[in-house]
Amino acid sequence: MIAQAEQLLHQHFGYEKFRPGQEQIISRVFEGRPVMGIMPTGGGKSICYQIPSLLFPGLTLVISPLISLMKDQVDELKEAQVGAAFINSSLSYEETDAVIASVREGEVKVLYVAPERFEMPGFIQLLRTLDVALIAVDEAHCVSQWGHDFRPSYMRIPEVIGNLGQTPSLLALTATATPEVRDDICRAFGINADNVVQTGFARDNLSFHVLKGQARDRYITEYVGKNAGEPGIIYTSTRKEAERIHGMLENKGLAAGKYHGGMSGAARQSSQEDFVYDRIDVMVATNAFGMGINKSNVRYVIHFQIPGNIESYYQEAGRAGRDGEPSECVLLYSAQDVRVQQFLIDQGDGSDARKQNEMQKLRQMVNYCHTEGCLQSYILEYFGDSGAEPCGRCSSCTDTRETEDVTRDAQMVFSCIKRMNERFGKTMVAQVLTGSSNQKVREMGFEQLSTYGLMKSRTAKDVGQFIDYLVAEEYLRMTGSAYPVLALGEKAVPVLKGHEKVVKKAEQKVERVAETDPLFAELRELRRELAREHSIAPYMVFSDRTLKELCRVMPRDEQAMLTVKGVGEQKIEKYGTAFLERIAAYAEKNGDSDSTGSVDAAGSEAAGTAGYPAETVDDAPGGSKQADKVPSHFITFRMYEDGASLEVIAEERGIKRSTAGEHLLRCADEGEKVDFSRLVGVEVQDQVRNVVKEVDPSEGLKPVKEALPDGVEYFQIKAVLQGFV
Ligand code: ADP
Ligand code: MG
Ligand code: ZN
């Protein structure tokens with residue numbers, strides 16, 4: 001059986017071998033007893049019922065929670081030449097009848113339905129007349145009240161199965177592995193402990209980051225801007241915040257979509273499609289978005305706010321990098337948001353026991369944000385997988401940022417809060433420290449405090465951010481209900497006494513998650529074209545990983561192309577020629593006439609501008625192909641270093657002057673010593689520095705530019721703000 005299963009895996013899906021857990025699950029499914037598979041999001045759960053469906057004579061019924069996603073799942077299977085369909089309320093009677101007819105004829109092997117449909121008497125009636133070989137319950141944690149997505153209709157699934165008059169095999173799948181949830185699922189479906197297959201929860205291609213005290217809006221815009229062209233998701237905990245961030249990105253000209261429960265079904269649907277079909281880069285969403293989204297090339301997931309528990313976090317963050325390519329999961333921590341989550345739990349319905357359970361889960365989530373240990377290990381331990389080695393990728397494992405001793409500033413803040421009797425919020429404290437002559441400050445007589453104006457060289461906003469940092473690090477506590485009041489935390493006392501220091505890390509720099517190879521960019525475009533032609537999502541044509549592998553191998557014939565992971569016979573037939581032609585054209589254009597179809601050092605320095613090498617980006621993974629190709633921004637830098645002016649560079653290279661400026665910024669960012677004084681005179685430097693005292697650059701550079709004399713350019717402003725001059 002398994003040998004046959006492996007062959008089908010290759011033939012239909014183009015994968016070489018099973019991933020951990022898949023084979024164990026599939027072989028147990030064949031034994032006919034109920035099985036549970038626990039694998040992380042992106043682990044490859046679907047294959048565990050898709051492959052058996054091809055081997056079983058009867059129908060495989062998949063119970064999946066969201067009807068909005070069924071179409072994608074079905075499209076994806078059809079791409080792999082697996083007969084699949086769904087029945088839900090989006091179909092007309094005629095369409096439903098047509099589906100039922102193809103099920104009866106055995107053309108449809110996999111049928112998706114929602115649990116609510118599954119329990120309808122008419123549907124049960126239908127199933128009784130069919131040969132149901134396997135029932136796969138996806139997102140099976142929805143059966144558990146301890147899970148984070150409890151759905152009452154899930155609880156009734158076992159009973160309905162009992163009424164089918166036949167005993168199909170059963171497979172429950174979930175990514176949530178807390179012991180309570182696991183036990184609930186086992187109990188509900190009568191799954192024996194021997195038939196629970198749990199794989200490691202580690203996701204080797206994800207790097208987790210927690211950032212505290214970072215200016216979040218600025219971080220987000222910079223991140224999305226730098227990662228243009230790469231799909232990503234930004235999660236917020238409220239609809240309002242999703243709207244705000246979406247607006248902010250759009251204002252900056254970044255193509256973003258939004259998704260939350262306050263939008264109409266149609267608007268959500270179209271937004272989701274824009275994202276799945278790569279028409280927009282980034283989706284700003286509440287947790288309403290994403291369950292079951294199979295888009296495999298999501299390169300980053302940023303949580304603008306802390307989610308309520310680790311299960312939700314890992315599931316949402318885990319939507320990054322399903323294709324196995326390096327991807328980032330960033331959580332922007334602010335203590336204030338913890339209060340929002342507490343409030344949500346408090347206001348929610350449910351018993352006290354349940355609320356207590358949720359509060360406990362929230363505390364573990366907060367601890368994640370404060371741990372100095374490996375973040376991936378923390379998550380694994382949470383799921384009962386202890387003793388993991390540090391991952392070497394997360395923000396704890398890789399933190400080499402410089403630290404700054406801010407003890408004196410912290411002492412000023414602490415003593416000011418103390419003198420204000422721990423009865424005021426952040427804004428007021430910051431105003432007193434910066435010596436504001438605000439009416440309220442005067443009315444309260446705070447001008448008399450010895451701490452009044454102690455930090456007057458800084459802006460109130462800046463001090464406010466520093467206070468956020470101190471709260472995030474638990475030196476300060478937020479108390480009060482209607483309106484948050486600052487009080488000293490336990491950690492503040494030794495600092496005030498001068499026994500302990502406070503150090504602050506520099507802000508995290510934003511970098512691109514994935515570099516792009518020009519061939520990759522071309523293949524991605526081709527993928528988009530083909531997807532449009534076939535009305536499917538681009539990632540269903542080939543995953544990012546497969547595209548990268550194609551770039552590396554550069555196959556010249558079908559045989560060579562078949563060795564690439566993710567390329568099966570079905571796909572070759574449909575897309576082989578198009579890709580092979582595009583790759584050959586690319587090779588030709590780049591003077592690489594070699595036709596072995598293997599990795600090779602292209603070597604040929606195609607004619608570039610004015611003696612500089614041709615423009616390419618140096619990120620063909622693995623091979624040495626890129627050895628002497630120089631990234632574009634670096635070519636600009638070399639010309640600049642040789643004394644060329646921006647005008648000359650722009651002219652020679654056929655790029656805009658501003659682009660050349662951005663190239664230099666990027667080099668500086670990467671640590672090159674770029675002499676910006678040639679481009680930004682002292683006068684302009686002063687002007688910029690003066691303007692940002694009034695106009696906050698974290699709200700975007702446009703207002704800053706508008707406040708400056710005409711002719712000052714964005715890259716000049718950035719050079720000053722980033723400290724390159
Ligand atoms: P899950 O449901 O566990 O979150 P999926 O079933 O959606 O994950 O699979 C995630 C990705 O992994 C998909 O793009 C899928 O095609 C891919 N995948 C699954 N099994 C394999 C395998 N054996 N080898 C390579 N890729 C696989
Ligand atoms: Mg899944
Ligand atoms: Zn780590």
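Residues numbered from 1 in each chain as written. Chains lettered and ligands numbered in written order. Predicted model: local features only at pLDDT ≥ 70, side-chain atom pairs only at ≥ 80, totals over all residues. Heavy atoms only, no water.

Caption draft 1: Geometry of the domain arrangement of the chain. Along its sequence, the chain is carved into domain 1 (2-198), domain 2 (206-398), domain 3 (403-505) and domain 4 (515-589). Here the C-alpha centre of domain 2 lies 27 Å away from the C-alpha centre of domain 1. Of the residues lining the interface, 24 residues belong to domain 1; the matching set on domain 2 comes to 21 residues. Interface area for domain 1 against domain 2, summed over the two sides, is near 1,900 Å², with a carbon-plus-sulfur share of 47%. (Domains from an automatic or database assignment. Contact = heavy atoms within 4.5 Å. Buried area = accessible area lost by both parts, 1.4 Å probe.)

Caption draft 2: Broad picture of the coordination of the zinc ion (ligand 3). Taken together, C374 (SG), C391 (SG), C394 (SG) and C397 (SG) make up the protein donors of the zinc ion (ligand 3), found 2.3 to 2.4 Å from the metal. Positions of the donor residues of the zinc ion (ligand 3), expressed as sequence spacing, correspond to C-x16-C-x2-C-x2-C. Of the two residues, C374 is situated in the loop between helix 16 (352-370) and helix 17 (375-382) and C391 in the loop between helix 17 and strand 14 (403-405); the sequence distance between them amounts to 17 residues. Accessibility assignment for this pair places C374 and C391 in one class, buried. (Donors = N, O, S within 2.8 Å, 3.2 Å for Na, K, Ca; no water. Helix = DSSP H or I, 4+ residues; strand = E, 2+ residues; numbered from the N terminus. Buried < 20%, exposed > 50% of the residue type's maximum accessible area, 1.4 Å probe, protein only.)

Caption draft 3: Structural context of empty space enclosed by the protein. This model, assessed by the stated rule, comprises seven cavities of 30 Å³ or more. Computed from the structure, the largest cavity encloses a volume of approximately 70 Å³. Forming the walls of the largest cavity are S68, K71, D72, Q269, Q272, E273, V276 and Y277. For the lining of the largest cavity, the elements supplying multiple residues, two or more each, are helix 4 (70-79) and helix 13 (265-276). Here the element with the most residues in the lining of the largest cavity is helix 13; it accounts for four residues. (1 Å grid on protein atoms, 1.4 Å probe; cavity = no way out; pocket = protein on both sides within 12 Å on 5 of 7 lines; lining within 4 Å. Points joined across faces, edges and corners; volume = space filled by probe spheres on them.)

Caption draft 4: Representation of a negative patch on the surface. A cluster of acidic side chains, namely D557, E558, E569 and E573, defines a negative patch on the protein surface. Assignment of secondary structure puts E569 in helix 27 (residues 569-589). (Patch = residues over 30% accessible without salt bridge, like charges linked within 9 Å, V, L, I, M, F, W, Y side chains within 5 Å. Areas by Shrake-Rupley, 256 points an atom, 1.4 Å probe, with all protein chains shown as cover. Salt bridge = Lys/Arg side-chain N within 4 Å of Asp/Glu carboxyl O. Lys, Arg positive; Asp, Glu negative; His and termini not counted. Charge placed at Lys NZ, Arg CZ, Asp CG, Glu CD.)

Caption draft 5: Representation of the pattern of salt bridges in the model. Applying the stated rule across the entire model yields 35 salt bridges. The residue D184 makes a salt bridge to R187 at a minimum N-O spacing of 3.2 Å. Taken together, the residues span about one helical turn, with D184 and R187 both in helix 10 (residues 179-189) at a distance of three residues.

Caption draft 6: Just the sheet that holds strand 6 (residues 169-174), in detail. Spatially, seven strands are ordered 3-4-2-5-6-1-7 in an open sheet, and the strand pairing comes out parallel. Looking at strand neighbours, the two that pair on one side only are strand 3 (84-86) and strand 7 (196-198), the edges of this open sheet. Averaged over all pairs of adjacent strands, the angle between their axes in this sheet comes to 20 degrees, without regard to strand direction. In terms of strand pairing, strand 1 (residues 35-38) meets strand 6 through four bridges, oriented parallel. Considered in strand 6, the bridge of M36 is made with A172. (Pairing = 2+ DSSP bridges. Axes fitted to C-alpha atoms, helices over the stretch in contact; angles between N-to-C directions.)

Caption draft 7: Just unusual backbone geometry, in detail. Although it is not a glycine, Q81 sits at a positive phi angle of roughly 60 degrees. Checked against the element boundaries, Q81 lands in the loop between helix 4 and strand 3. Overall, Q81 belongs to the partly exposed group, its relative accessible area being 41%.

Caption draft 8: Spotlight on the sheet that holds strand 9 (residues 232-235). A sheet is described by the order of its strands in space; here six strands give the open sequence 8-13-12-9-11-10, paired in parallel fashion. Edge positions in the open sheet fall to strand 8 (206-212) and strand 10 (256-259), since each of these has one partner strand only. Looking at each pair of strands side by side, their axes are set apart by 15 degrees on average, direction ignored. Where helix 12 (residues 239-251) meets the sheet, its contacts fall on strand 9, strand 10 and strand 11 (282-285), and the angle it forms with strand 10 comes to roughly 170 degrees.

Caption draft 9: Focus on the site of ligand 1. Close to ligand 1 lie 16 residues; Y15, G42, K45, S46 and R322 are nearest. Measuring from an oxygen atom of ligand 1, one finds a side-chain N or O atom of R322 at 2.9 Å. Burial of ligand 1 by the protein chains amounts to 89% of its free accessible area of 570 Å². Each residue belonging to the shell around ligand 1 can be placed in one class, and the counts come to four nonpolar, eight polar and four charged. When residues of the shell around ligand 1 are sorted by domain, at least three fall in each of domain 1 (2-198) and domain 2 (206-398). (Near = heavy atom within 4 Å. Polar contact = N/O pair within 3.5 Å; in protein donor to acceptor, adjacent residues only side chain to side chain. Nonpolar A, V, L, I, M, F, W, Y, C, P; charged D, E, K, R; others polar.)

Caption draft 10: Highlighting the packing of helix 11 (residues 216-226) against helix 12. At a minimum axis distance of 11 Å, the contact between helix 11 and helix 12 shows a crossing angle of 50 degrees. Classified by the angle their axes make, helix 11 and helix 12 are oblique. In this structure, helix 11 crosses over helix 12, and the sense of that crossing is right-handed. Residues D217, I220, T221 and V224 of helix 11 pack against R244, I245, M248 and L249 of helix 12. Counted by class, the contact of helix 11 with helix 12 contains five nonpolar, one polar and two charged residues. (Parallel < 35°, antiparallel > 145°, perpendicular 65-115°, else oblique. Left-handed = near helix turned anticlockwise from the far one by under 90°.)

Caption draft 11: Summary view of the pairing of strand 6. Within strand 6, six of the six residues are buried, which leaves it mostly tucked inside the rest of the structure. Residues S169, L171 and L173 point to one face of strand 6 and L170, A172 and T174 to the other, with burial holding for every one of them. Note that strand 5 (residues 132-137) and strand 6 share four bridges and pair parallel. Residue pairing across strands places V137 opposite A172, the latter belonging to strand 6.

Caption draft 12: Structural detail: the nonpolar core. Membership of the largest hydrophobic core comes to 176 residues, with the highest contact counts inside it found for F118, F208, Y368 and F579. Other than its neighbours up to four places away in sequence, F208 contacts Y313, Y314, A317, C329, Y368, L375, Q376, I379, C394 and S395. Formed by 28 residues, the second largest nonpolar core is a distinct cluster that contains L646, A660, F676 and I717. (Core = buried A, V, L, I, M, F, W, Y, C linked by side-chain atoms within 4.5 Å.)

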